[in-house]
Amino acid sequence: METPAAAAAAAGSFLPSFLFLVCGTLVATVLGAAHRLGLLYRLTHKVDKASVRHGGESVAAVLKAHGVRFLFTLVGGHISPVLVACEKLGIRVVDTRHEVTAVFAADAVARLTGTVGVVAVTAGPGLTNTVTAVKNAQMAQSPVLLLGGAASTLLQNRGALQAIDQMSLLRPLCKFCASVKRVRDIMPTLRAAMAAAQSGTPGPVFVELPIDVLYPYFMVQKQIVSTTQPKNIMGQIVFWYLDNHLANLFAGAWEPQCEGPLPLDIPQASPQQVQRCVEILSRAKRPLLVLGSQALLPPTPADKLRAAVETLGVPCFLAGMARGLLGRRHPLHIRQERSAALKKADVVLLAGIVCDFRLSYGRVLSRSSKIIIVNRNRKEMLINSDMFWKPQEAVQGDVGSFMVKLKEGLQGQTWASDWAEELRQADQKKEQSFWEKAVMPVAQHLNPVRVLQLVEETLPDNSILVMDGGDFVGTAAYLLRPRGPLCWLDPDLLGAFGTLGVGAGFALGAKLCRPDAEVWCLFGDGAFGYSLIEFDTFVRHKIPVMALIGNDAGWTQISREQVPSLGSNVACGLAYTGEDPRQCGEGGSYSQPGRMCFLGWQYGGLGPCHHPT
């Protein structure tokens, strides 16, 4: 039994421990509160209340350090400091008439330059207008940085103008999403976003910039803190809280920070994987290469990739951004009858292309063929492999680097010339059938095949082709030959989204990247409706592009299936619109930059081409 003396001794030892625990908890609580309120940070990082600098300058500095030359936008008060600062640093600010066009233009810049395309839009509807183009960039694996304005940090979820939950909207579409809470966080957040956009499988990223991190201290102060301090206690507490919030926004804002790029994480094929692929190809009798858009991603330049393909000597189909890699007429480049060739090949190398609808989900591949597939994205690389096809070797890595290593491993390897000759003969036979269609009479207007043959004969060597449409573009895909690498942009090559309305944005980005190139936009009359307003953008910014519109007065690609199957042409009819082609030369005017020529034609093309080769 415990004696009274022992109980007193125990109580005496417990009391100091209890007091120590209480004091420790109290100190930890106070320190935690001080940290959350930013008081500890401000002991060593001060607020420069006299500075007129603003967060837009930090944004511009990072973009400049990353080599960004163009910023696409539709202006809004939320983002004005970014636009002004970029202009001062020599970054060209290009404003469009719709936000979706700005993103498409940034997408084109990313593809043609190998850098990140950048677009800035205002909050709320400005941001929601970009969703289609951002999704297109995601599926196209295009590194685009979307900067979105937002309501001030204090007014989030309080019913401010154009304030919505932007992060939830963009998070499913972007590789990286972040909302900046303090001015000092702008630079590290943007650097991380730029690296994420280009690492691994490239894609769009989103950084939200609340209005109070972009404007100068004195302007934000006027909006947040009252000029007169209240006398009642509750008013003083609120005043102190707002003043403290303002101080946290700008504490350490102008201290020197690194602005340059972070290292990129680009997957590479292992030497063992490359060697296994070398062994498979070395035993092939009828090898075939299908090269897709991923092959043109940095770090391998297009000329080095072309040299690797030529040295390899394997007949190839070029898809997506790889179109034009081998120039206009290269003996290794096969353009027609791809499905038949895939069935005959004993080894097929799918480099930067996946088995989606453009390869009939893999059903065009022969079960007896050995399939090698290379892609940065493992999930996409193996799509439908559990149903219609199986890879002999699946390599997750950069496609361009893999092709160079493969060429080195197969140095001196040759294949029988009869295989390539067989493919070329089939190619020529198909091409001859196109010429026969060109001379066929049509009931009215113009023969689109003949029109496009004239375009092919007219295009200079420095031309870039932008495609936006259905039937007219499908026919053009069979007839027009890109003059070089990265000279063909169309909806399908940038992913399986099949987006109409890309034309004006792609053309804008292309012409800015390559001012000496002749940019031709081929539109269907339906798709052109999305881009018409942007001809004001071309005129204002002195961007000379040429548009050729194939006008068959309808959504014919839909009508052709809807009418026979459902017996109605509802919602498929449009109207013939535009100038008489007879007034602008044979088949239309191709010589005047910025001029639109509507070519009326009755459908007589070569049919839909979901994935031109």
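Look above for the structure.
The rules behind the values
Residues numbered from 1 in each chain as written. Predicted model: local features only at pLDDT ≥ 70, side-chain atom pairs only at ≥ 80, totals over all residues. Heavy atoms only, no water. Helix = DSSP H or I, 4+ residues; strand = E, 2+ residues; numbered from the N terminus. Expected span 1.5 Å × (residues − 1). Buried < 20%, exposed > 50% of the residue type's maximum accessible area, 1.4 Å probe, protein only. Arc of directions from axis to C-beta. Contact = heavy atoms within 4.5 Å. Core = buried A, V, L, I, M, F, W, Y, C linked by side-chain atoms within 4.5 Å. Polar contact = N/O pair within 3.5 Å; in protein donor to acceptor, adjacent residues only side chain to side chain. Pairing = 2+ DSSP bridges. Axes fitted to C-alpha atoms, helices over the stretch in contact; angles between N-to-C directions. Phe/Tyr/Trp six-rings, centres within 6.5 Å; stacked < 30°, edge-to-face > 60°. Lys NZ or Arg CZ within 6 Å of the ring centre and 35° of its normal.

Attention now moves to helix α11 (residues 271-282). Relative to the 16 Å expected for 12 residues at 1.5 Å per residue, α11 spans 16 Å between its end C-alpha atoms, a close match to the ideal helical length. Of all the residues in α11, the buried ones are Q273, V274, C277, V278, I280 and L281. Taken down its axis, α11 places every buried residue within 165° of arc, on the same side. Contacts made by the buried residues of α11 are with β7 (287-291), β9 (347-351), β10 (370-375), β11 (393-396) and α15 (399-409).

Moving on, we get to the nonpolar core. Among the nonpolar cores identified, the biggest contains 84 residues, and F72, L291, L349, F402 and M403 are the most heavily contacted of them. With nine residues, helix α4 (residues 99-113) is the single largest residue contributor to this core. Residues in contact with F72, not counting those within four places in the same chain, are V94, A102, A105, A106, V109, V118, V119, A120, L508, G509 and L512. Listed in part, the 43 residues of the second largest apolar core include L71, C86, V118 and V207.

This part is about the environment of V354. Tracing the backbone shows V354 in the loop between β9 and β10. A sequence separation of 27 residues divides V354 from M381, and the C-alpha atoms of the two residues are 5.7 Å apart. In contact with V354, other than residues within four places in its own chain, are L359, N375, E380, M381 and I383.

Bringing the environment of E457 into the picture now. Within the secondary structure, E457 is located in helix α17 (residues 448-458). As a C-alpha pair, E457 and L480 span 23 residues in sequence and 9.1 Å in three-dimensional space. The residues contacting E457, other than those within four sequence positions of it, are W435 and R450.

Let us look at α17. Extensive coverage of α17 is indicated by the burial of eight of its 11 residues. Along α17, the positions that sit buried rather than exposed are P448, V449, V451, L452, Q453, L454, V455 and E456. Where α17 begins, the side chain of N447 points an oxygen toward the backbone nitrogen of V449, at a separation of 2.9 Å.

This part covers the sheet that holds strand β5 (residues 176-179). The six strands are arranged β2-β1-β3-β4-β6-β5 in an open sheet whose pairing can be described as parallel. Looking along the sheet, the strands with just one partner apiece sit at the ends: β2 (92-95) and β5. Shown here is a sheet whose adjacent strand axes are inclined to one another by a mean of 20°, direction ignored. Sheet topology note: the strand β3 (residues 117-121)/strand β4 (residues 144-150) ladder contains five bridges and is parallel. Across the sheet, residue A120 finds its bridge partner in β4, namely L147. In this fold helix α19 (residues 503-513) packs onto β1 (70-74) and β2, with an angle of close to 150° to the strand it touches most, β1.

What follows covers the packing of aromatic side chains. Within this structure, the stated rule accounts for seven aromatic pairs. Geometrically, the ring pair formed by Y217 and F250 is edge-to-face, given 5.3 Å between the ring centres and 75° between the ring planes. Taken together, the residues Y217 in helix α9 (residues 217-224) and F250 in helix α10 (residues 233-250) connect sequence positions 33 residues apart. Residues Y217 and F250 agree in their burial class; the two are buried. Ring centres of F523 and F528 lie 4.9 Å apart, and the angle between their planes is 70°; this geometry places the pair in the edge-to-face category. As far as the burial class goes, F523 and F528 line up, both buried. In this arrangement the basic side chain of R323 is found over the ring face of W488, its NZ or CZ atom lying 3.7 Å from the centre. Across from the ring centre of F388, 4.8 Å away, lies the NZ or CZ of R363, which sits over that ring.

Such coordinate-based values are descriptive only and should not be taken to indicate function.
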